[in-house]
Amino acid sequence: MSDHSHDHDEPQNPIAKVIGKIFIFAVPAALIAMLTIVGASFVNGALHQPVVATPVAPPQTTPQYNVELGKATYATCMACHGADGQGMKPAPTMSMAPSFVGSELLLHENPEVPTLILLKGIKKEGMEYMGMMAGLGAALDDQKMAAVLSYTRKNFGNKGSVITTEQVATARAKFADVSEPLGIPRADILKVVESHK
Ligand code: HEC
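Since we're looking at a predicted model, the values are computed, not measured.

A separate point is the overall build of the chain. Scanning the chain from N- to C-terminus turns up seven helices and zero strands. What you see in the chain, going N to C, is helices and strands ordered as α-α-α-α-α-α-α. Split into buried and exposed, the 197 residues of the chain put 21% on the buried side.

So, in structure tokens, the structure goes:
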């Protein structure tokens, strides 16, 4: 069998044509090979760098909260709980609302306790306070609620933990079936939380 290139009319030098074909194949192949090497070393670098860079730094575990939003949202609470968080007192013997300072319910270790109070309110059963704690679930979104709960847990001398927006969102979904238009009776708050484990 003779060379196929002789069967057709080839205006070009057949050697130049073969070299051209090799070149057309070789250039993209080389590019792909190069990109693969560059890519692999980039991924390698990205994977290795943090392992080398962070063995000493402790992980960031303390959640932060939006202080400005917390402070701004506290305006909603101030008329009853007071600018100083100790309960607004229209007269020395009268109080609109309980003090936040050291409040067991506000500072409860389970963040769902104060979140539930803010979502659903506390039913007014006595004359101890002139105000009444209505549910603010419709008035405050998750972000504002998390910020204001964190703000009250961390101010007025309190040293409670931050409540995150995610925790509020979870609690809102969890307690969606709690229907207490007048608020949850104070004595039932912990029971409601317990029954929604
Ligand atoms: C219209 C008045 C009023 C407003 C506004 C109000 N509260 Fe209250 N809050 C009360 C009263 C009254 C109680 C006590 C309810 C009871 O026992 O009858 C209370 C109780 C609470 C408690 C339980 C604390 C304890 O130790 O008993 C928390 C937590 C709380 N409020 C948070 C808030 C937050 C946060 C805001 C603002 C976003 C807010 N409240 C706005 C009146 C109010």
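Among the secondary structure elements, Ile163 is positioned in the loop between α5 (142–154) and α6 (165–174). The class of Ile163 is buried, set by 25 C-beta atoms lying within 10 Å. Those residues within four positions of Ile163 in sequence are excluded, and the remaining contacts are Pro111, Thr115, Ala146, Leu149, Ser150, Arg153 and Val168.

The next subject is helix α4 (residues 112–120). Among the nine residues of α4, eight are classified as buried, and the element is accordingly described as predominantly covered. Taken together, the buried positions of α4 are occupied by Glu112, Pro114, Thr115, Leu116, Ile117, Leu118, Leu119 and Lys120. Where α4 is buried, its residues touch α5, α6 and α7 (189–194). Immediately beyond the C-terminal end of α4, within one or two residues, lies Gly121, with a positive phi of roughly 85°.

Here the focus is the environment of Glu109. Counting through the fold element by element, Glu109 comes out in the loop between α3 (75–81) and α4. Separated by 51 residues in the primary sequence, Glu109 and Gly160 have C-alpha atoms spaced 8.0 Å apart.

Taken N-terminus to C-terminus, the directions of α4 and α6 make an angle of 65°; their axes are 10 Å apart at the nearest point. The element α4 and its partner α6 pack so that their crossing is right-handed. Contact residues: Glu112, Thr115, Leu116 and Leu119 in α4; Gln167, Val168, Ala171 and Arg172 in α6. Per-class residue counts for the contact of α4 with α6 are four nonpolar, two polar and two charged.

Before going further, it helps to spend a moment on the site of the ligand. If you check the shell around the ligand, you find 24 residues, and the closest are Cys77, Cys80, Ser103, Gly131 and Met133. By residue number, the principal contributor to the shell around the ligand is α3, which donates five residues. Looking at the shell around the ligand residue by residue, the classes come out as 17 nonpolar, five polar and two charged.

Inspection of the secondary structure puts Leu105 in the loop between α3 and α4. Note on Leu105: 15 C-beta atoms within 10 Å, which makes it partly exposed. For the pair Leu105 and Arg186, spaced 81 residues apart in sequence, the C-alpha to C-alpha distance is 9.8 Å. Among all residues touching Leu105, those that are not within four sequence positions of it are Val113, Pro114, Ile117 and Ile189.

Criteria and cut-off values
Residue positions are counted from 1 within each chain, in the order its sequence is given. Since the coordinates come from a predicted model, pLDDT governs what is reported: local features require at least 70, and pairs of side-chain atoms require 80 or more to be given and counted, while whole-chain, interface and lining totals use all residues. Only runs of H or I of at least four residues qualify as helices and only runs of E of at least two qualify as strands under DSSP, and these elements are numbered from the N terminus. For the exposure call, what matters is how many other C-beta atoms sit within 10 Å of a residue's own: 20 or more marks it buried, 12 or fewer exposed, and in between partly exposed, using C-beta atoms placed from the backbone. By the convention adopted here, residues make contact when the C-beta atoms placed from their backbones lie within 7 Å. Fitted lines through C-alpha atoms give the axes, limited to the stretch in contact for helices. The angle between two N-to-C directions lies from 0 to 180 degrees. Here a crossing is taken to be left-handed if its near helix is turned anticlockwise relative to the far helix by less than a right angle, and right-handed if that turn runs clockwise. Throughout, the ten residues Ala, Val, Leu, Ile, Met, Phe, Trp, Tyr, Cys and Pro are labelled nonpolar, Asp, Glu, Lys and Arg are labelled charged, and all others, Gly among them, are labelled polar. A molecule or strand has a residue near it when that residue's C-beta atom, placed from backbone coordinates, lies within 6 Å of it.

Fair warning: the whole summary comes from geometry, so function is off the table for now.
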